[in-house]
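Residue-level listing of the chains:
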Amino acid sequence: MDTSHLNSAELQQFLSQEKKKAMLNEMVAKVTNVCWDKCITSAPGTKFSSGESACLSKCAQRYMDMSITIMNRFQSMR
């Protein structure tokens, strides 16, 4: 994206949005790596077993819950 036409406030908003996107991508990658290593114990086939699916779902949910808890804790410390 060409940002040369943006004023300072617009540029700051654009940079903030891009930073949020990058943080979300990083979180998705982290969840994927952590939960894959925890839940997929053999070579994956064409689809996950019911146990693997349940494990992946629970792992991702716990990770998201913990991330929200940590963010709320940091916000309350301000």
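Owing to the predicted nature of the structure, the values given are computational and were not obtained by experimental measurement.

### Concerning the state of the cysteines
So, step 1. Counted under the stated rule, the structure contains two disulfides.
So, step 2. Put simply, Cys35 and Cys59 are joined by a disulfide, and their sulfur atoms are 2.1 Å apart. Torsion about the S-S bond of the Cys35 and Cys59 cystine: about -85°, corresponding to left-handed handedness. With Cys35 in helix 1 (residues 8-39) and Cys59 in helix 2 (residues 50-76), the pair connects residues that are 24 residues apart, well separated along the chain. No difference in accessibility class separates Cys35 from Cys59, as the two residues are buried.
So, step 3. Note on cysteine connectivity: Cys39 is disulfide-linked to Cys55, with sulfurs 2.0 Å apart. Every disulfide takes its handedness from the sign of the S-S torsion; for Cys39 and Cys55 that torsion is -70°, giving left-handed. Of the two residues, Cys39 sits in helix 1 while Cys55 sits in helix 2, which places them 16 residues apart along the sequence.

### A word on the pattern of salt bridges
So, step 1. Per the counting criterion, the structure on display carries one salt bridge.
So, step 2. Two residues, Glu18 and Lys21, come together in a salt bridge whose shortest N-O distance is 3.2 Å. With Glu18 and Lys21 both in helix 1 and three residues apart, the pair spans about one turn of that helix.
So, step 3. For Glu18, a relative accessible area of 32% gives the class partly exposed.
So, step 4. Among the residues examined, Lys21 registers a relative accessible area of 48% and is labelled partly exposed.

Parameters and conventions
- Residues numbered from 1 in each chain as written.
- Predicted model: local features only at pLDDT ≥ 70, side-chain atom pairs only at ≥ 80, totals over all residues.
- Heavy atoms only, no water.
- Disulfide = S-S within 2.5 Å.
- Helix = DSSP H or I, 4+ residues; strand = E, 2+ residues; numbered from the N terminus.
- Buried < 20%, exposed > 50% of the residue type's maximum accessible area, 1.4 Å probe, protein only.
- Salt bridge = Lys/Arg side-chain N within 4 Å of Asp/Glu carboxyl O.

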